[in-house]
Amino acid sequence: MKRSVLITGTVLSLFFLAGCMATPEERLAEGLSETRTAFEEEPTETNETAGQTELYLPGGYDIEEPSDENNIIITKGSDSYVLFINPNEAADSKFFYDLQKANAEVEWIADETFEQNGRFGFTTLRAIAEDRIEIVVSAGGVKMTTISEEADVPGNMEWMMKTVRSIEEGN
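Here's what I pulled together on the structure shown here. What you see is a predicted model; the values in this text were computed from it and never measured.

About the cut-offs
- Residues numbered from 1 in each chain as written.
- Predicted model: local features only at pLDDT ≥ 70, side-chain atom pairs only at ≥ 80, totals over all residues.
- Heavy atoms only, no water.
- Pairing = 2+ DSSP bridges.
- Helix = DSSP H or I, 4+ residues; strand = E, 2+ residues; numbered from the N terminus.
- Contact = heavy atoms within 4.5 Å.
- Axes fitted to C-alpha atoms, helices over the stretch in contact; angles between N-to-C directions.
- Phe/Tyr/Trp six-rings, centres within 6.5 Å; stacked < 30°, edge-to-face > 60°.
- Lys NZ or Arg CZ within 6 Å of the ring centre and 35° of its normal.
- Polar contact = N/O pair within 3.5 Å; in protein donor to acceptor, adjacent residues only side chain to side chain.
- Core = buried A, V, L, I, M, F, W, Y, C linked by side-chain atoms within 4.5 Å.
- Buried < 20%, exposed > 50% of the residue type's maximum accessible area, 1.4 Å probe, protein only.

## Some thoughts on the sheet that holds strand S3 (residues 62-63)
Working step 1: If you trace the 7 strands from one edge of the open sheet to the other, you get S3-S4-S5-S9-S8-S7-S6, paired in antiparallel fashion. Each edge of the open sheet carries a strand with a single partner, namely S3 and strand S6 (110-116).
Working step 2: Alignment of strand S8 (residues 132-139) against strand S9 (residues 142-149), held across 8 bridges, turns out to be antiparallel. Across the sheet, the residue bridging to Val136 is Thr145, located in S9.
Working step 3: Against the sheet, helix H2 (residues 24-40) touches S6, strand S7 (119-129) and S8, its axis set at about 20° to S6.
Working step 4: Packed on one face of the sheet, helix H4 (residues 153-166) meets strand S4 (71-76), strand S5 (79-85), S6, S7, S8 and S9 and runs near 25° to S8.

Given below as structure tokens:
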């Protein structure tokens, strides 16, 4: 009798846990919401320097050398992120967004724009391969891009926006 109760309890627990797991769509919606919040909040305080550029990076991420003033490579383990800085673009610039949207044949699984206090930002996502997503986030003249595993997309989107927002325009 005790064994059947244990098996039934285990099966019910597995069904309950399966129901609690977020779907890819739910994770994407969460990531977009967190990215919007990161864009709208005050910039995160800087804690790293690459050349003359001060920026925020979460723990465990490294700036690779050589990086220059306009192209900074960030890594964590085997993951790479490229940060582009165009000092000629203002906070309300749509330059990087227009470049993203130039190829009408590209299918985006997410394409969100943000505007606040004279600033423009966006995030776009597209499927590259099974379980691999290209993430691009931008604020004004600063853009970061990576290829991410699907499960890591929401967290990557948030910290990437915090990082691009941390860089002062004209830096």
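## Some words on the packing of aromatic side chains
Working step 1: Summed over all chains, the structure comprises 7 aromatic pairs.
Working step 2: By way of ring pairs, the aromatic residues Tyr61, Tyr81 and Trp159 are connected into one cluster.
Working step 3: Taking NZ or CZ as reference, Arg119 lies 4.4 Å from the ring centre of Phe39, over its face.
Working step 4: Residue placement shows Arg165 over the ring face of Phe39; its charged tip is 5.8 Å from the ring centre.

## What about the environment of Thr123?
Working step 1: Note that Thr123 resides in strand S7.
Working step 2: Between the C-alpha atoms of Thr123 and Met160, which are 37 residues apart in sequence, the distance is 9.9 Å.
Working step 3: If near-sequence neighbours (up to four positions away) are discounted, Thr123 is found in contact with Leu32, Thr35, Ala110, Asp111, Glu112, Phe114, Ile135, Val136, Val137 and Met157.
Working step 4: One polar contact links the side chain of Thr123 to the main-chain carbonyl oxygen of Val136, over a distance of 3.2 Å.

## Considerations on the nonpolar core
Working step 1: In this structure, Ile74, Leu83, Leu125 and Met144 are the most contacted members of the largest nonpolar core, which totals 30 residues.
Working step 2: For this core, the elements supplying multiple residues, two or more each, are H2, S4, S5, S6, S8, S9 and H4.
Working step 3: No other element matches H4, which puts 6 residues into this core.
Working step 4: Ignoring anything within four residues of it in the chain, the contact list for Ile74 reads Leu55, Leu57, Tyr61, Asp62, Asp79, Ser80, Tyr81, Leu83, Met144 and Trp159.
Working step 5: Counting residues in hydrophobic clusters, the runner-up holds 5 residues, among them Phe96, Tyr97, Phe122 and Val136.

Honestly, it's all geometry; don't read function into it.
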